[in-house]
Amino acid sequence: MEFTRARALGTLFTLLDRAVVNIVGHNAQYPDFPLSDETVTALVGRRLALALVWSLAGDAGQAGRRLMSEFVGGAAAGAIELPPMGSDETIMDYDVAVRGGAAEWQAWTSRVPRVDVESHRVVEAGLVVPTTDTLRHEEVLYAWLAGHKPLVLCGPPGSGKTMTLLAALRKLPDLEVAGLNFSSATTPELVLKTVEQHCEYRRTPNGLVLAPTAIGRWLVVFCDEINLPAEDRYGTQRVISFLRGLVERGGFWRSGGSSQQHQWVKLERIQFVGACNPPTDPGRVALSQRFLRHAPVVLVDYPGEQSLVQIYSVLARAALRVQPHLAGYAESVAQAMVDVYVASQRRFTADQQAHYVYSPRELTRWVRGIYEAARPLETLSGTGLVRL
């Protein structure tokens, strides 16, 4: 996505608003032990450093974020206390928490829980294994969702952007999610029909309002593959322009029929989020900057090698649980799978052949294949596992 100052500033202010709301909420929850001015200053300063990285490089890859983290960390070295970083760590590898009334840096690796899943869940499509990457992304998503801002997750196929977003939405109890898969022929009428299925029109003293049927709950319309709609002859994606109008104006004009005047309908408690592949992929259309100035963009790239080992160690333990005597090989199997995947990815690139595209989906299919092959067997030897 093309970088714009307007989107970067909007992202920065949203993240800072979230930090201020958390401070106010903490003081309201513990009125007898409010945060001191010194703690608030330290907390806001560290949050500002992290917000600068996400606002300036949130739509960049891991390498770009790391460079921006190093730059921000170096610029802020004299103003805030930096975390005790290792040689290959940046401030992006840490979060800020309040402990004992003081602001402290907390490594994301210390917050990753150890997860064990049942064997039958290996074949589930929506299974998300927490890693440092998913926790970081969820923390940023919560800030935008709490501010009820539209947002877009962008990433290559199989990077887990849709699962990450849906997992974050499911953890928020006051939200209702309505999914809509975009295509090249998606129209504004389809978006409006989806919204109307979960909302109702109400006449109020201030006019006609379209709001969710559940009192006090927000409707989040998840627009998957949001950059697939084709442009018309004027170079406009009509459905994206419609979404921009809904976000920018907070409503739309409803047709009153041939004999009636159009009515202005105001939206209440309705939020739009999207996910898409990079606009450079075949069949994709670059989203209008007039829409993106309202929507922060986060790039969800493929997990790193460490995260892959973490994810597929969990899945390998679950898959080999059907053969208990092989359970001890789970970590070794996961490491070997990731080694083969990384070596193949480096050896066969898209520059050689266009179809040489690798994603973690290959590893997921591999684990599922081991599970499906081992499940019906009475016993499976170590040699048989290697053959699988």
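See the structure printed just above.
So, a few notes on the structure that sits alongside this text. Owing to the predicted nature of the structure, the values given are computational and were not obtained by experimental measurement.

**A look at helix H7 (residues 238-249)**
In step 1: Between its first and last C-alpha atoms H7 spans 16 Å; for 12 residues at 1.5 Å apiece the expected length is 16 Å, and the two agree.
In step 2: Against helix H6 (188-198), strand E7 (218-224), strand E8 (251-254), strand E9 (263-267), strand E10 (270-276) and helix H8 (289-292) lie the buried residues of H7.
In step 3: Remark: Gly250 follows H7 within two positions and exhibits a positive phi of approximately 75°.

**Thoughts on the packing of helix H2 (residues 37-57) against helix H3 (residues 62-75)**
In step 1: Contact pair H2 / H3: the axes reach a minimum separation of 9 Å and the direction vectors enclose 145°. As for how H2 packs across H3, the hand of that crossing is right-handed. For the pair H2 and H3, the contacting residues are Ala49, Leu52, Val53, Trp54, Leu56 and Ala57 in the first and Gly64, Arg65, Met68, Ser69 and Val72 in the second.
In step 2: Here the residues of the contact of H2 with H3 are counted per class, giving 8 nonpolar, 2 polar and 1 charged.

**As for the sheet that holds strand E11 (residues 297-299)**
In step 1: One open sheet accounts for 5 strands, arranged E4-E7-E10-E3-E11; its pairing is parallel. Only two strands of the sheet have a single neighbouring strand rather than two, namely strand E4 (175-181) and E11. Along the sheet, successive strands turn relative to each other by an average axial angle of 20°, direction set aside.
In step 2: In this sheet, E11 lies alongside strand E3 (residues 151-154) in parallel orientation, the contact comprising 3 bridges. Bridging from a neighbouring strand, Leu153 pairs with Val298 of E11.

**Topic: empty space enclosed by the protein**
In step 1: Taken as a whole, this structure holds 4 cavities of 30 Å³ or more when the rule is applied.
In step 2: If you add up the space inside the largest cavity, you get close to 240 Å³.
In step 3: Lining the largest cavity are 17 residues, and of these Arg47, Leu50, Trp54, Glu139 and Val140 sit closest to its centre.
In step 4: If you list the elements that add at least two residues to the lining of the largest cavity, you get helix H1 (5-29), H2, strand E1 (94-99) and helix H4 (132-146).
In step 5: Sorting elements by how many residues they give to the lining of the largest cavity places H1 first, with 5 residues.
In step 6: Looking at the lining of the largest cavity residue by residue, the class counts come to 11 nonpolar, 1 polar and 5 charged.

Reading the values: the criteria
- Residues numbered from 1 in each chain as written.
- Predicted model: local features only at pLDDT ≥ 70, side-chain atom pairs only at ≥ 80, totals over all residues.
- Heavy atoms only, no water.
- Helix = DSSP H or I, 4+ residues; strand = E, 2+ residues; numbered from the N terminus.
- Expected span 1.5 Å × (residues − 1).
- Contact = heavy atoms within 4.5 Å.
- Axes fitted to C-alpha atoms, helices over the stretch in contact; angles between N-to-C directions.
- Left-handed = near helix turned anticlockwise from the far one by under 90°.
- Nonpolar A, V, L, I, M, F, W, Y, C, P; charged D, E, K, R; others polar.
- Pairing = 2+ DSSP bridges.
- 1 Å grid on protein atoms, 1.4 Å probe; cavity = no way out; pocket = protein on both sides within 12 Å on 5 of 7 lines; lining within 4 Å.
- Points joined across faces, edges and corners; volume = space filled by probe spheres on them.

Shape is all these values report; function is a separate question.
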